[in-house]
Each structure stands twice: as structure tokens, then as C-alpha cells.
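Structural description and commentary
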Amino acid sequence: MSTIAAISTAAGVAALGVIRLSGPLSGEILSALFQGPRSPVENPRMLCYGHIVEKEQVLDEVMAVFLPAPHTFTTEDMAEITTHGGRVVMESVYAAIIKEGARIAERGEFSRRAFLNGRLDLTQAEAILEIIEARTRRGASVALSHLEGDTTREVRRLREELLTVLAQFALAIDYPDESSDEVQSGDLEETIKRVEKTLQELIRNAHKGHAIAEGLRVAILGRPNVGKSSLLNALSRRSRSIVTNIPGTTRDTIEEMIQLSGFPLILIDTAGLRETDDPVEILGVRRSREALESADMLLVLFSKEWVLEEEEKELLESIRDRSRLLIINKTDLGGVLSREDLLPFASEEQVLELSITEKSGLEELEKAILREAGDLEEEVHTPLIASIRQKHEVEKAYHSVKEALNAMASSLPYDYVEVDVRGAYEALGRVLGEGTADIIDEVFGRFCVGK
Ligand SMILES: Nc1nc2c(ncn2[C@@H]2O[C@H](COP(=O)(O)OP(=O)(O)OP(=O)(O)O)[C@@H](O)[C@H]2O)c(=O)[nH]1
Ligand SMILES: [Mg+2]
């Protein structure tokens, strides 16, 4: 096994940077370059002060630590050198390490070694990737729960159930006469049904896992000129979207990522919903409809000035089972629309009043959004599968389990059922990354170097 090295901290100006080594030569390379009162290799796991010296030239003042196998991230000997953050300094130290015999690490190679040496399973490796990529605190915490293995545990448990089923089938197939009493097909069916149900929940919650990690999609809808773009700007506290008093200003959907109390939201400003002949606007309105369909939550805006139109009532009817808030804007203007007009379409707390110009009602709105978002999150009881690859395998497993149940229902011989159960068992194995070199390449290829 070769020894690999990488600059593990992000590029850019920083006070410190970390260079990491993993492999059998880690200690030797560190000793060759490090000079200081205490040798890190002789004092493993202790952070030692010193200098990196190459051919009598001091490259940097550093702190270094040597971590002997096997209790390290990769399970191999590792070394970490904390240098000053300047790119030139770091690269000169890095170059010296490479000259001493380390190889430049590939993307994700540290995590790959951790995986290959049995320290991580693939869900956990993907969780590390998610944490690096997570754009928000909440996203990071979902990723963290994967790292701690919620998903892993659940998938393992399901596999064990399937394994007991497979064992019984094996018995029944090999010794059809003797074992007929032992194979209780009713019990087996129960077990498979339980697995089916859990898989279904995992799949149903998959998109929510994604939503929580990436941000709930919140679409702002309403007639032209009600103040949709103004609301996006007010919630994101910047002038992202163009606001004018001309109806039909927004022609395309605009997305803005914000955080409310650490909750990631993707706000989507849309073109006002209305009948129009303008071809550009028609496209805009079509996009608004798509946003309406795909959003996790809807903010439907009305103006105090206008009575409800038939079309708006239809819209309100059609979104009864969606997560939504109905908002009367422009309360600073005198007008005709009141809360009572909207109460037939939503609960008390889902109807809000707002004046964006006077900045009144915004805090209540933010609270209401968080409440709705919290409700959406509440629905997620089962562990989440966040990666598309995992979801795909879980779907395959679900499909196979259904086939198995069908086969059992039509009293097909156990051989038939066995094939499907085995298919599900193998698909779940791939979720955990068992025996699948190409997936492993795919996953670790997405890592940054040094991870
Ligand atoms: N008086 C008053 N005017 C407002 C309020 N909110 C927005 N406006 C004004 O309403 C007009 C339309 O606002 P926009 O945010 O562009 O409305 P929109 O819904 O995005 O409009 P389209 O993109 O054309 O569909 C602008 O002149 C805003 O300044 C409010 O609370 N009170
Ligand atoms: Mg607009």
C-alpha cells in the first residue's frame, strides 16, 4: 500500500492549513522532514512543535502529530502537519513530502481507504461527502445522522430479516419433505410484508431527506402586482428580484436560498398567475405552475385592495392538502379583502396579514413558515436516504419484495420467491456498498482531495 498525502484544508486565505499523510511511510517521511525538541513519531498522538526542514532550509514552523495504526481514520499509520495557511508555504511543505516518497492523493482517497479497511460503510462515506457539501446547518445535521448510521442500522436490520427468510427457503428447497413443518409460509409472508412496509416508508421519506438537506422549496404565488417579488426580497433581506408597479414584472421563476433559524429554504418567486397573450409571460406562467406543483410549501399572496377572483378560489380549493400560508399583503392600503374571505380555505393560523412597505407582519410570517416547515419535518419518522444512488437501490429492493409477495400469493414454488427475496437482499447490500467496485469509484470520485 502506498503512502498518500494531501493538503486537506480548503484553498484560499486562512491562518493555518493541514497536510495529511496516510500509509506505511507516514512516520518515516515525517521524521525525515521534522526537526524539533520532541519527535512526533517517538511520541505518538502528541502534538509536537517544530520546523519542517528540507536540505537545511526551514520551510515552515509547524505543529505535527503522528497517529499509529490501527486506530486512525484510515486505520493506517497517519501523520498530520499543521502549517501556516499561505499557499506558497503549504505547497513547499507538500512538495517536500512528495519528494520523500508520498504520492499525491486522489479525490476521496483517505475516505476510500477508511472504507476499504472496514472503518466506514458506504452510507457513512456518503454522509461525509454530504457534510462537506451541506449548505446549511440543518443539512449538516441530517448528514450527521447518516454518519452515525441511522440509515445503516435500518438497512442492516431489513437485510437480516430477509436473510432469515432466505435461510428458511434454502431449507425448504433443499429438503422439501422434512422441512415442510418448519417453513411457516404465513410467518414468512408476514416478515416480507414488514420489510415491504419499511422500504416504502424509506422511499416516501427520501425526498424529504433531500429537502431538509438541501432546503425546503417554498413557492410564492399570486396575481400580478400583489408583491411576490417584494416578499422574496423582504425575506432574503436583499434586492434579489425586480420590483415595479407594472403588473407582469417577473417573467421567470427566481430562486433564492435563505435560512430561517438554521432552517434552509429555497424561496421561489414566480410570474403572477394570469391569462395573457404575451408569449414570454405565457412561459413564465407555465413555470409558475410547475413551481406550484413541485414546491414543498406554498405562500399564496393577495392584495388588501382586491376581492377574491374565481380563479383564486379555484387555486385555493386545489391546494387544500398542501402545506400553505395565505397572506394578505398591502394592509397599509385601505381595501376590501379581509381574513374572513380566506378562512374557508385554511385554518386560522394559516391566514396572515402583511404590509411589506411598512415592514409589519414579517416576523409573524417567518414564525408561521417555520411552524409549517416543522410540521413537514415532523412527518419524517424513519431514517432518511439522501443520496439518489441509495434511493435507487432501495426502490429496487422494494420492487423485488413486492414481486416476492406476488409470487407467494399465487402459490408459486419457493424457488421463484427466493429469487426475488435474494434480489432485495442484494440491492440492500449495495446501499451499504458491499461488493460493488464501480459504485465505490463513483462515490469517492465526488470527494475533494484530502478527504
Ligand atoms: N402599498 C404597498 N405597496 C406594496 C406592498 N408590497 C409591494 N408593494 C408594491 O406593489 C408593487 C408590485 O410589487 P412586486 O413585488 O413587483 O409584485 P409582484 O407580485 O412581484 O408582481 P409581478 O412580478 O408583476 O407579478 C410595487 O410597486 C411594490 O412596491 C405593500 O405592502 N404595500
Ligand atoms: Mg414579481
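The coordinates are above.
Fair warning: this is a prediction, and the values are worked out from it, not measured in the lab. (Residues numbered from 1 in each chain as written. Chains lettered and ligands numbered in written order. Predicted model: local features only at pLDDT ≥ 70, side-chain atom pairs only at ≥ 80, totals over all residues.)

Per the secondary structure count, the protein chain includes 15 helices and 13 strands. Here the protein chain, with 451 residues, has 39% of them falling under the buried criterion. Nonlocal contacts in the protein chain, meaning residues at least 24 apart in sequence, comprise 66% of its contacts between residues at least 6 apart. (Helix = DSSP H or I, 4+ residues; strand = E, 2+ residues; numbered from the N terminus. Buried ≥ 20, exposed ≤ 12 C-beta atoms within 10 Å, placed from the backbone. Contact = placed C-beta atoms within 7 Å.)

Attention now goes to the pairing of strand E10 (residues 263–269). Within E10, six of the seven residues are buried, which leaves it mostly tucked inside the rest of the structure. In this sheet, E10 lies alongside strand E8 (residues 216–222) in parallel orientation, the contact comprising five bridges. Counterpart to Ile220 in the pairing with E10 is Asp269. In terms of strand pairing, strand E9 (residues 254–260) meets E10 through seven bridges, oriented antiparallel. Its bridge partner being in E10, Glu255 is matched across the sheet by Ile268. (Pairing = 2+ DSSP bridges.)

The next point concerns the sheet that holds strand E4 (residues 48–54). Strand pairing in a sheet relies on backbone hydrogen bonds. The paired strands run either parallel or antiparallel. Reading across from one edge, E3-E4-E5-E6-E2-E1-E7 is the order of the seven strands in this open sheet, with mixed pairing throughout. This sheet does not close on itself; its edge strands, each paired only once, are strand E3 (34–35) and strand E7 (103–104). Bridging between E4 and strand E5 (residues 57–67) involves seven bridges; their strand directions are antiparallel. Bridge pairing in E5 links Cys48 to Ala64.

Taken in spatial order, the six strands of this open sheet run E9-E10-E8-E11-E12-E13, and their pairing is mixed. The two strands at the open ends of the sheet, each matched to only one other strand, are E9 and strand E13 (351–353). On average, adjacent strands in this sheet sit at an angle of 25° to one another, irrespective of strand direction. Each of E8, E9, E10 and strand E11 (297–303) touches helix H8 (residues 228–236); the most contacted strand, E10, lies at about 155° to it. (Axes fitted to C-alpha atoms, helices over the stretch in contact; angles between N-to-C directions.)

It is worth spelling out the site of ligand 1 at this point. As a matter of local geometry, ligand 1 sits amid 24 residues, with Gly227, Ser229, Ser230, Thr250 and Gly272 nearest to it. With three residues, the top contributor of residues to the shell around ligand 1 is H8. Grouping the amino acids of the shell around ligand 1 by side-chain chemistry returns seven nonpolar, 14 polar and three charged. (Near = placed C-beta within 6 Å. Nonpolar A, V, L, I, M, F, W, Y, C, P; charged D, E, K, R; others polar.)

Omega for the bond connecting Ala69 with Pro70 falls within 30 degrees of zero, at 5°, which places this linkage in the cis form. The phi dihedral of Ser411 falls on the positive side, at around 50°, and the residue is not glycine. Among the structural elements, Ser411 can be located in the loop between helix H13 (388–409) and helix H14 (414–431).

The terminal C-alpha atoms of H14, which comprises 18 residues, lie 26 Å apart, in line with the 26 Å expected from a rise of 1.5 Å per residue. The set of residues buried in H14 consists of Tyr414, Val417, Asp420, Val421, Ala424, Tyr425, Ala427, Leu428 and Val431. Along the axis of H14, the buried residues cluster in a sector spanning 160°; they form a single face. Just downstream of H14, Gly433 is the residue with a positive phi angle, here 85°. (Expected span 1.5 Å × (residues − 1). Arc of directions from axis to C-beta.)

Tracing the chain through its elements places Asn329 in strand E12 (residues 323–329). Sequence separation of Asn329 and Lys228 is 101 residues, and the distance between their C-alpha atoms is 9.3 Å. For Asn329, the residues in contact, after removing those within four places along its chain, are Val226, Gly227, Leu301, Phe302, Ser303, Lys304, Leu354, Ser355 and Ile356.

Here we come to the environment of Ser111. Tracing the backbone through its elements, the reader meets Ser111 in helix H3 (residues 109–116). When the C-alpha positions of Ser111 and Thr74 are compared, they lie 6.9 Å apart, and in sequence the two are 37 residues distant.

Moving on to the environment of Glu349. With respect to the helices and strands, the residue Glu349 is situated in the loop between helix H11 (339–342) and E13. A tally of 12 C-beta atoms within 10 Å means that Glu349 is categorised as exposed. Sequence spacing of Glu349 and Ala368 is 19 residues, and the spatial spacing of their C-alpha atoms is 7.6 Å.

Honestly, that's just the spatial picture; any functional story needs more than this.
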